[in-house]
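Coordinate inspection notes
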Amino acid sequence: FSGFASLVYQVLWMKQLGLLFGNTSHAASATLAAFFGGLAAGSWFWGRRVGRSPNPLRLYALLELGIAIAAGLYFVVLGAYHQIYPVLYQSIDSRGVLLLVKFGLALVLVFPPAFCMGGTIPVIGQALIQRRSTFGSTSALLYGVNTLGAALGAGLAGFFLPLWLGFQLTCLAAMLITALVAGLAWWLSRGTTTESKNYGGATPSETGTSTPRQWALTGVCFLSGFGFLALEVLWMRMFAQVLENSVYTFAAILVIVLSCLAVGAFISSRLARLRVSPTWLLGVLVLLSGVAISATPFVFMDVTDSLQILVLKGSWFGYLALIFKSGIVTVGPPALLLGMVFPFLMKTEEASSASAGASLGRLAAVNTAGAILGSLLCGFVFLGQLGMWGTMQLIACLYLLAAIVIPVTLNGQGFALKAAAVMYVLLQLSVLNPTGLPINSVDRLRGDEEIVETWEASDCTVAVARNERGLTIKINSHYGLGSSGAFMQQKFQADIPMMIKPETESIFFLGMGTGMTAGAALDPQHTNVNRVVVCELVPEVITAAEKYMTDLDGFDGTGGLFTDPRARVLAEDGRHFLMATDETFDLVNADLFVPFRSGAGSLYTREHFESVKARLNPGGLFVQWLPLYQVTETEFNIIAKTMSSVFKQVSLWRHSFQPGEEVVALVGHPDGRPLPASTLDTLEDRKFSVAGKSYRDLMRLQLPFDPESILFFYCGNLTEAKSLFEGVPINSDDRPLIEYMAPRSYRADASERTPWFVGPRLARLVESVQELCPPDQDPLLVDRSPANRRLPLAGTAFYRARLWGVIGDEAACQSSWQRFVGEWTDR
């Protein structure tokens with residue numbers, strides 16, 4: 001239960017601090033380093049002192065109680081941080097200094113409970129292990145039980161608890177479990193002896209006479225933590241290439257890894273009872289670990305058919321089974337072997353151990369220190385310099401070299417061990433070299449697609465691909481950020497909001513992609529714009545866009561985004577920037593975010609929308625684009641209800657009229673001001689655009705697009721039609737419904753029909769909204785002329801005509817066309 005609660009704390013704290021500090025890899029690493037630093041310090045500190053404790057079990061109870069109290073204080077301190085952090089962010093110009101500040105703040109928050117957590121294994125080991133001869137087997141068993149609890153915690157915290165209870169109640173539940181463990185340990189401590197359970201004598205490290213053998217084994221202990229955390233980063237990166245990368249992807253791989261660690265520890269506990277040389281057997285385990293790591297890239301390529309996305313039409317549980325099957329086959333063997341190495345080190349420590357607590361504390365501290373360095377170096381050095389497969393090759397070689405230097409007796413077995421390790425190092429650098437394997441894949445449905453350039457970033461792989469439609473920027477093989485072939489569609493994401501609010505002077509773009517949408521705001525037609533700020537989470541995406549999208553056969557697709565003095569592009573988490581900055585804008589334009597991708601759900605929460613609202617100038621607008629072809633009705637309703645809980649008025653706008661590819665914008669009006677009156681009169685242009693045309697010309701119409709005719713894209717006022725969303729829950733940071741429901745909901749319907757909120761489903765919503773709030777009674781349109789207020793109805797009829805055309809009902813298409821023409825021409 002202690003391991004269970006500890007993992008729940010870790011998952012929840014990392015999530016909450018990510019929302020505060022930004023979901024960048026640097027911020028996550030600073031938080032992780034603070035947490036692991038607390039574990040290492042706690043293991044070392046309590047391990048050295050528990051031998052002097054008259055009642056280790058009572059000390060264990062106090063540590064568990066300390067964890068519960070520190071977790072409770074976490075809420076108080078985190079609340080204060082939300083007030084303090086924006087001030088710090090605004091006053092610090094250096095990114096390096098700000099990162100140190102984040103590390104310091106994280107240290108204050110997570111170090112105290114982690115310091116107590118680090119002491120639990122050494123202290124409980126001191127209480128349970130009575131004889132030196134059982135140190136190896138018992139401590140490995142103890143480690144396995146604790147890790148099995150952590151696997152259970154990862155599963156519940158990753159799949160169920162935040163959705164069922166929310167983060168705060170989940171953390172309170174973990175605190176209750178921790179307090180109960182403390183109470184049980186205190187009750188059990190009443191009958192324990194107060195005599196010291198030290199074995200007698202001292203370890204070499206305690207007398208200052210460390211031997212070369214102990215230094216070598218300490219190095220293996222460090223490597224065990226270093227390699228495992230580095231590999232965990234790599235395994236997550238591997239599966240991000242072939243899975244949809246939802247919150248469940250991370251949870252599934254974490255559960256697999258922790259379960260393998262637990263099983264490995266149980267096996268080590270059995271191995272510790274064998275009458276063989278512990279050092280030689282440790283060398284065998286290290287050698288086999290290196291072999292398993294070196295085979296991982298080749299197994300992964302085979303399982304994923306050379307990095308093709310793993311998809312499964314069917315139930316949610318069927319898809320989860322596919323993830324677990326692929327994960328167990330790929331990372332199961334190396335994780336199992338790696339999970340045997342650290343627990344078996346306890347057996348090698350057995351002969352020189354004078355105190356179970358001291359030995360466990362020292363080994364855990366060294367292992368955790370290695371884990372900190374491994375995760376940091378892998379994320380920020382190795383991936384950029386060596387790539388994913390090169391880094392895995394390096395770690396495999398480190399394990400093989402460790403098998404060579406482990407101090408075993410050079411008899412037949414010892415010589416065979418070292419010879420096998422040397423041979424496999426040579427194979428790893430020659431015929432089994434994985435660095436030639438692909439690091440991303442192309443879409444096989446587009447046979448002409450080729451990769452132009454790739455960047456391996458700390459948290460994803462970014463690539464530029466070329467196909468017949470042009471250049472595309474992709475993340476992790478299959479997630480496209482936009483294509484030069486879709487220039488007009490991306491430009492429209494800026495033009496439509498600017499037509500809604502033509503007096504816009506300053507605009508913020510949350511998400512950059514190709515840069516074409518943000519660059520469109522710099523177009524000369526938008527004469528009032530004097531400041532454009534863009535935030536893009538992945539720095540390599542900025543690099544790719546600047547290199548490839550600014551010269552499309554002599555045309556700058558980004559509209560001067562990287563050269564115009566009015567524009568500023570930041571490699572930053574956009575949500576974090578809006579929460580922490582004091583800048584304000586006339587317009588905030590949020591890009592298309594797929595709700596089921598990990599982290600995207602936090603961009604649809606009430607807290608985020610409140611931050612956006614605070615950054616808007618009087619009369620400002622917030623525009624949230626939604627790709628309905630990747631959104632179910634459930635997510636749409638939750639997002640609409642959540643926005644309506646923050647903004648006085650929320651309106652719905654179209655991006656295009658192509659059935660099946662619908663994109664819409666939810667527009668938040670903080671003060672409910674009506675849309676500005678239009679001084680244009682385009683009635684004659686509208687009449688001319690349909691003169692002599694029929695429903696057969698739907699795909700070829702050239703309709704005027706300006707601040708007056710923009711109401712053609714207006715679907716209606718969702719706030720005035722709030723009865724449609726009664727009973728719909730609100731998405732919040734505490735209860736992240738979108739992030740946890742979206743990956744499931746589109747698989748909930750087992751029928752062959754599309755799960756997405758497109759076609760007739762969208763048409764019915766728009767018609768219902770316009771029935772509840774007719775455009776001529778819409779408070780947002782009171783400053784528009786009666787003829788202008790007919791344009792939303794024209795848009796609805798036009799979309800219906802397009803929809804009937806796709807379905808193949810010619811009569812219904814013609815009827816909708818006639819209604820469109822009547823509303824469009826004010827006839």
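Residues numbered from 1 in each chain as written. Predicted model: local features only at pLDDT ≥ 70, side-chain atom pairs only at ≥ 80, totals over all residues. Heavy atoms only, no water.

Our next topic: the state of the cysteines. Taken as a whole and judged by the stated rule, the model has zero disulfides. The closest cysteine sulfur to the non-disulfide-bonded Cys-221 is located on Cys-378, 19 Å from its own sulfur. Of the residues examined, Cys-221 reaches a relative accessible area of 1% and is grouped as buried. Looking at Cys-715, it has no disulfide partner, and the nearest cysteine sulfur is the one in Cys-773, 13 Å off. (Disulfide = S-S within 2.5 Å. Buried < 20%, exposed > 50% of the residue type's maximum accessible area, 1.4 Å probe, protein only.)

This next bit is on the pairing of strand 1 (residues 450-456). One ladder, built from six bridges, connects strand 1 with strand 2 (residues 461-467); its direction is antiparallel. Counterpart to Ile-451 in the pairing with strand 2 is Ala-465. Where strand 1 folds back onto strand 2 in an antiparallel hairpin, the turn is made up of four residues. (Pairing = 2+ DSSP bridges. Helix = DSSP H or I, 4+ residues; strand = E, 2+ residues; numbered from the N terminus.)

Applying the stated criterion across every chain, the model contains 20 salt bridges. A salt bridge links Arg-566 to Asp-564, with the nearest nitrogen and oxygen atoms 2.9 Å apart. Accessibility expressed as a relative area gives 26% for Arg-566, which makes it partly exposed. When its relative accessible area of 18% is taken as the criterion, Asp-564 is described as buried. (Salt bridge = Lys/Arg side-chain N within 4 Å of Asp/Glu carboxyl O.)

Attention now goes to the packing of aromatic side chains. A complete count under the given rule lists 48 aromatic pairs for this structure. Geometrically, the ring pair formed by Phe-21 and Tyr-85 is tilted, given 5.5 Å between the ring centres and 55° between the ring planes. Taken together, the positions of Phe-21 in helix 1 (residues 2-21) and Tyr-85 in helix 3 (residues 56-91) put the pair 64 residues apart, joining distant regions of the chain. Looking at Phe-21, the relative accessible area reads 1%, which means it is buried. According to the relative accessible area criterion, Tyr-85 is buried, its value standing at 0%. Members of the aromatic cluster, connected to one another through ring pairs, are Phe-492, Phe-657, Phe-705, Phe-712, Phe-713, Phe-798, Trp-817, Phe-820 and Trp-824. The ring of Trp-186 carries the charged tip of Arg-58 above its face, separated from the ring centre by 4.4 Å. A cation over a ring is seen here: Arg-686 above Trp-824, with NZ or CZ 5.7 Å from the ring centre. (Phe/Tyr/Trp six-rings, centres within 6.5 Å; stacked < 30°, edge-to-face > 60°. Lys NZ or Arg CZ within 6 Å of the ring centre and 35° of its normal.)

Moving on, we get to the sheet that holds strand 10 (residues 649-654). Strand order across the open sheet formed by eight strands is 7-6-5-8-9-11-10-12, with mixed pairing between neighbours. Edge strands, defined here as strands with exactly one partner in the open sheet, are strand 7 (567-571) and strand 12 (714-717). Between one strand axis and the next, the sheet turns through 15° on average, direction left out of account. Relative to strand 12, strand 10 runs antiparallel, the two sharing three bridges. Directly across from Ser-651, in strand 12, lies its bridge partner Asn-717. Sheet contacts for helix 15 (residues 487-500): strand 5 (506-510), strand 8 (585-590), strand 9 (616-627) and strand 10; angle to strand 9, the most-contacted strand, approximately 145°. The sheet strands contacting helix 23 (residues 760-772) are strand 10, strand 11 (663-669) and strand 12, and the helix crosses strand 12 at an angle near 50°. (Axes fitted to C-alpha atoms, helices over the stretch in contact; angles between N-to-C directions. Contact = heavy atoms within 4.5 Å.)

What follows covers the nonpolar core. Tyr-9, Trp-235, Phe-636, Trp-653, Leu-666 and Phe-820 are the most contacted members of the largest nonpolar core, which totals 265 residues. Broken down by element, this core gets its largest block of residues, 18 residues, from helix 13 (residues 356-405). Setting aside chain neighbours within four positions, we find Phe-820 in contact with Val-690, Leu-701, Leu-703, Phe-712, Ala-794, Ala-797 and Phe-798. (Core = buried A, V, L, I, M, F, W, Y, C linked by side-chain atoms within 4.5 Å.)

This brings us to the sheet that holds strand 2. Strand order in the open sheet formed by four strands is 1-2-3-4, with antiparallel pairing between adjacent strands. Of all the strands in the sheet, just strand 1 and strand 4 (479-483) have a single pairing partner and so form its edges. Direction aside, neighbouring strands of the sheet carry axes that sit 20° apart on average. Across four bridges, strand 3 (residues 470-475) lies against strand 4 in antiparallel orientation. Note on strand 4: the bridge partner recorded for Lys-474 is Gly-480. Against the sheet, helix 17 (residues 539-548) makes contact with strand 1, strand 2, strand 3 and strand 4, and its axis sits at roughly 140° relative to strand 1, the strand it touches most.

Here we take up a nonpolar patch on the surface. Together, Leu-62, Leu-65, Ile-69, Leu-73 and Trp-186 line one region of the surface with nonpolar side chains, adding up to about 480 Å² of accessible area. The element that contributes the greatest number of residues to the nonpolar patch is helix 3, accounting for four residues. (Patch = residues over 30% accessible without salt bridge, like charges linked within 9 Å, V, L, I, M, F, W, Y side chains within 5 Å. Areas by Shrake-Rupley, 256 points an atom, 1.4 Å probe, with all protein chains shown as cover.)

For the rest of this paragraph, the subject is the packing of helix 1 against helix 3. One way to put it is that helix 1 packs onto helix 3 with a least axis distance of 12 Å and a crossing angle of 10°. In terms of orientation, helix 1 lies roughly parallel with respect to helix 3. Of the residues in helix 3, those in contact with Ser-2, Tyr-9, Trp-13, Gln-16, Leu-17, Leu-20 and Phe-21 of helix 1 are Tyr-60, Glu-64, Ile-67, Ala-68, Ala-71, Tyr-74, Leu-78, Tyr-81, His-82 and Tyr-85. Residue composition of the contact of helix 1 with helix 3, by class: 13 nonpolar, three polar and one charged. (Parallel < 35°, antiparallel > 145°, perpendicular 65-115°, else oblique. Nonpolar A, V, L, I, M, F, W, Y, C, P; charged D, E, K, R; others polar.)

Turning our attention to the environment of Cys-535. For Cys-535, the location among the structural elements is in strand 6 (residues 531-536). Using a relative accessible area of 2% as the deciding quantity, one classes Cys-535 as buried. Each C-alpha atom of the pair Cys-535 and Cys-378 lies 25 Å from the other, and the pair is 157 residues apart in sequence. Apart from residues lying up to four places away in sequence, Cys-535 is in contact with Phe-508, Phe-509, Leu-510, Gly-511, Met-512, Leu-570, Glu-572, Gly-574 and Phe-577.

For the rest of this paragraph, the subject is the environment of Ser-277. Turning to its location among the elements, Ser-277 is positioned in the loop between helix 10 (247-271) and helix 11 (278-303). Residue Ser-277 is classed as partly exposed on the basis of its relative accessible area of 39%. Once the C-alpha coordinates of Ser-277 and Arg-784 are considered, the two residues, 507 residues apart in sequence, prove to be 88 Å apart.

Turning our eyes to something else, we now look at the confidence of the model for the protein chain. The predicted model of the protein chain averages 91 in pLDDT, with 96% of residues at 70 or higher. Counted against residues more than four places away or in other chains, residues 200-209, with its pLDDT under 50, gives 19 contacts. (pLDDT = per-residue confidence, 0-100.)

Although it is not a glycine, Asp-305 adopts a positive phi angle of roughly 55°. Considering the arrangement of structural elements, one finds Asp-305 in the loop between helix 11 and helix 12 (316-349). A relative accessible area of 42% places Asp-305 in the partly exposed class. Phi angles above zero are rare outside glycine, and Asn-476 is one such case at about 55°. Relative to the assigned elements, Asn-476 resides in the loop between strand 3 and strand 4.

Turning to its location among the elements, Lys-418 is positioned in helix 14 (residues 412-428). Buried and unpaired, Lys-418 has no salt bridge, with Glu-349 as the nearest side chain of opposite charge at 18 Å. A polar contact of 3.0 Å, which involves the side chain of Lys-418, links it to the backbone oxygen of Ile-406. If sequence neighbours within four positions are ignored, Lys-418 has contacts with Ala-403, Ile-404, Val-405, Ile-406, Val-408 and Leu-410. (Lys, Arg positive; Asp, Glu negative; His and termini not counted. Polar contact = N/O pair within 3.5 Å; in protein donor to acceptor, adjacent residues only side chain to side chain.)

What follows concerns helix 11. With 26 residues, helix 11 ought to run about 38 Å at 1.5 Å a step, and its terminal C-alpha atoms sit 35 Å apart, in line with that. After helix 11 finishes, the residue Asp-305 shows a positive phi value of roughly 55°. (Expected span 1.5 Å × (residues − 1).)

Taking 1.5 Å of rise per residue, 25 residues should cover 36 Å, and helix 5 (residues 135-159) covers 36 Å from first to last C-alpha, within 8% of that figure. Of all 25 residues in helix 5, 18 are buried, a share of seventy percent or more.

Turning next to the side chain of Ser-294. Mapping Ser-294 onto the fold places it in helix 11. Here the side chain of Ser-294 touches Val-291 through a polar contact of 2.7 Å, landing on its backbone oxygen. When neighbours within four sequence positions are excluded, Ser-294 is seen to be in contact with Ala-396, Tyr-424 and Gln-428.

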